[in-house]
Each structure stands twice: as C-alpha cells, then as structure tokens.
Amino acid sequence: MRLNRRTALGLGTVATAGTVLGAAAPASAAEATETSPTTPARAARRVAAVFTKHSTEAGGNWQAYVSVADPAGAPMVAVQADADRRIEAYSVNKIAVATAVLDKVDRGLLTLDQQVEVSAAIVVPGGDGIFSLDGAYPSRVTIGHVLANLLTVSDDTAVRLCGLVAPAAEINSILVAKGFPNTQVEPVANPNRFFLGTSTPRETHDLLRALVAGTLLSPASTTYLLGLLRSPVAFTDGIRRTMSSDERARVATKAGWFADARHEAGVIFDRSGAAVLTYALFADGQANPEDFGATHPAVQARAAMGPKFLAAVDRIAGVGTTFRITARRPSNGG
C-alpha cells in the first residue's frame, strides 16, 4: 500500500479535518454522544470525525472538501484535505462534461432529443457501461440517452458520444467561463475526443454547489441532471451502499475509478429536497488497486461514511431550491 509521509505520520486528512472547526472528537465518541446533531456546526464536526476515522482506516492518500449547509449564512466547512490539489478526476468529471453539453442545450444549440450515431468505431471496447454490450452497430440514440448513461452507469462510450456534440476545447472554454479553470478535460489529437482530465476537490464541490443553487444551468437542465445523479440506477457501491431506497433518493452522486484512484462527489438533500451536505472525496494509493468492486478499501470507507453523513445532517435544514424526486416504482413488465 502506498502511503505518503503525512499519512504515515498520522497527519494529512486527520489533522486537516480537525483544524476546520477546532479539534475533532474521536469518531467513536462523536457517534455515540449524539444521534442526530441539531446545528450545522455540530453536524460539521460529526462529518469531520467520520471522515477522519474511515479515511485513516482505509489508508492511502485522500484529497477532500465537504461542507454542511447553514441557513444563517455560508456553508460550514467540515473537511478540507489537500482541497486545492489539481488531480485526475476520472469519471467524476463526467458531471462537468454533462454540464457543458447541457449548457449548449440551454443556449438552444442542442436538444435532448437530437440523435447521434453509435458506430462500431466509437465504442470503447470493454469499457464501463452498456454501449459496449450492444453488439449491433451502427445505431442511433438521443443526447438525452447518452447523458443518462454517462451519469448513471458511467458509460465510457457516452464520453465519446458527448464529444461529437461538444468538442474538448469547447467543453473547457464553457467550464472556464463558468468559473472552473481547474476542471478541464484533456484534449487528444481528435478534437472530438478527450480524456476526462482534472479538477480539485474544492472546484468539484463548488461546481455541485453552483448546480443546486441554480447558477450553473437552467432550472430544467438542473432538475434533469440531478434526477440522473439521484436515480436508483446511479452509483450505489459507495456513499449510497447501505441506505434504503428512500435514503438513496436523497443523494445525488457520481463516482470515478481508474488505476489506483477511487473518487466520489455529490450532494445530500434534506427531507424536503434542499441541499444540506456537499462532498468531494478523492482517494488513491490504497491497497488492492486491481479491485474495482465494492471491497476496495476506499470504496468501503465511503460506504461507511455515507449513512453517517446522512445521519449527521438529518435534522439540519438545507438551503436554496428544493428538488423533489419523483417516486420510482418497480415494474414487472406488461
């Protein structure tokens, strides 16, 4: 397992999390003394203790930024650990790609029902998602279908399909104009293709905050994007793993995984649908980098954090627009 010097000395995320709101209590004590905090400051301290405990147990390197909404003013920062380090964001940056595409929808340059061609040449062989499983090409799908697969099952071919309607240089310019110069895709020789590029924990956090605040996209595009990230089929191995279906519907989340990195970023909503906690959790260097399943140490750590984060803010009111989710009912066909 790769450890940096700060992690080996018991510093890094532990010290950083503790300095945001004063010294953090040991997680076991914080979890035992108060089932559900009633103020944003207490909730933020609980979140800091939970993050410290489980990130330390998982080992490796953690870069993170987590905040709790405060109706009285600015969000309470619970965790900031190497929050301004520019790192490979991997599939977490699919949120940024979708933002650029939806920005063009908002400006009338694209429509969700506009079709793109799925050719055999554009399919990522063996990539995550469903397009590589079709086995019959060419086919045509809508941009809405592409985005749904991009943000739920994290389809890799969907990245290339987005590039057909939003080239790399245009995506980057849109993100810079919106105030996110570190959240950028990486261009390649083909202008319509790119690697998913970089971000920082703080910028990913701030992009999500801008999304729920309604300043990133139009109301329709905001609701659409959050609906995908909150859907039952969206990522469930991490923050949402040990939650009920109703609890999972209160979490909009996107994970990213490649090489030894396991990332996740998202928003937890209060019971009315207002954003109450925003997280950007980037991790690498843990044991078992070949394990892309639920048993990877960083993924297990996030699965432990998820319900405790939710409990920490369960009696805290969110702020801003409420985004109610439409109840989804299982179907038996017919």
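Preceding this paragraph is the structure being described.
Residues numbered from 1 in each chain as written. Predicted model: local features only at pLDDT ≥ 70, side-chain atom pairs only at ≥ 80, totals over all residues. Heavy atoms only, no water.

### With respect to the overall build of the protein chain
Helix and strand content of the protein chain: twelve helices and eleven strands. Within the protein chain, buried positions represent 52% of all 334 residues. In the protein chain, 68% of the contacts between residues at least 6 apart in sequence involve partners at least 24 apart. Total accessible area on the protein chain is roughly 13,700 Å²; 55% of this is exposed by carbon and sulfur atoms. (Helix = DSSP H or I, 4+ residues; strand = E, 2+ residues; numbered from the N terminus. Buried < 20%, exposed > 50% of the residue type's maximum accessible area, 1.4 Å probe, protein only. Contact = heavy atoms within 4.5 Å. Areas by Shrake-Rupley, 256 points an atom, 1.4 Å probe, with all protein chains shown as cover.)

### Quick look at the packing of helix H4 (residues 40-58) against helix H12 (residues 297-312)
The geometry of H4 relative to H12 is characterised by a closest axis approach of 9 Å and an angle of 165° between their N-to-C directions. Taken together, H4 and H12 sit at an angle that is classed as roughly antiparallel. Between H4 and H12 the crossing geometry is right-handed. Residues Ala43, Arg46, Val47, Val50, Phe51, Lys53, His54, Ser55 and Ala58 of H4 form the contact with H12, whose participating residues are Pro297, Ala298, Ala301, Ala304, Met305, Lys308, Phe309 and Ala312. For the contact of H4 with H12, the class distribution of residues is twelve nonpolar, two polar and three charged. (Axes fitted to C-alpha atoms, helices over the stretch in contact; angles between N-to-C directions. Parallel < 35°, antiparallel > 145°, perpendicular 65-115°, else oblique. Left-handed = near helix turned anticlockwise from the far one by under 90°. Nonpolar A, V, L, I, M, F, W, Y, C, P; charged D, E, K, R; others polar.)

### Some thoughts on H12
End to end, H12 covers 22 Å across 16 residues, agreeing with the expected 22 Å (1.5 Å per residue, within 8%). For H12, the complete set of buried residues consists of Pro297, Ala298, Val299, Ala301, Arg302, Ala303, Met305, Gly306, Phe309, Leu310 and Ala312. Where H12 is buried, its residues meet H4, strand S1 (61-70), helix H11 (245-248), strand S8 (251-258), strand S9 (261-269) and strand S10 (274-284). (Expected span 1.5 Å × (residues − 1).)

### Some thoughts on the packing of helix H6 (residues 143-151) against helix H10 (residues 219-229)
Relative to each other, H6 and H10 sit at 45°, their axes nearing to 8 Å. Between H6 and H10, the crossing angle belongs to the class labelled oblique. The handedness of the crossing between H6 and H10 comes out as right-handed. Two secondary-structure elements touch here, H6 through Gly144, Leu147, Ala148 and Leu151 and H10 through Tyr224, Leu225, Leu228 and Leu229. Its residues placed into classes, the contact of H6 with H10 shows seven nonpolar, one polar and no charged.

### So, helix H9 (residues 201-213)
Relative to the 18 Å expected for 13 residues at 1.5 Å per residue, H9 spans 18 Å between its end C-alpha atoms, a close match to the ideal helical length. Most of H9 is tucked away: ten of the 13 residues are buried. Where H9 is concerned, the buried positions are Pro201, Glu203, Thr204, His205, Leu207, Leu208, Arg209, Ala210, Leu211 and Val212. Gly214 lies just past H9 and shows a positive phi near 80°.

### Structural notes on the packing of aromatic side chains
The final tally for this structure, using the stated rule, is four aromatic pairs. With 5.9 Å between their ring centres and 90° between their planes, Phe51 and Trp62 make a pair best called edge-to-face. Within this pair, whereas Phe51 is found in helix H4, its partner Trp62 is found in strand S1, the two being separated by eleven residues in sequence. A single burial state applies to Phe51 and to Trp62, both of which are buried. Note on Phe269 and Phe323: the rings are 6.3 Å apart at their centroids and 70° apart in plane angle, and the pair reads as edge-to-face. Within this pair, whereas Phe269 is found in strand S9, its partner Phe323 is found in the segment after strand S11 (319-322), the two being separated by 54 residues in sequence. Take Phe323: its relative accessible area is 10%, and that puts it in the buried class. Across the ring face of Phe269, the terminal group of Arg230 is positioned such that the distance to the ring centre comes to 4.3 Å. (Phe/Tyr/Trp six-rings, centres within 6.5 Å; stacked < 30°, edge-to-face > 60°. Lys NZ or Arg CZ within 6 Å of the ring centre and 35° of its normal.)

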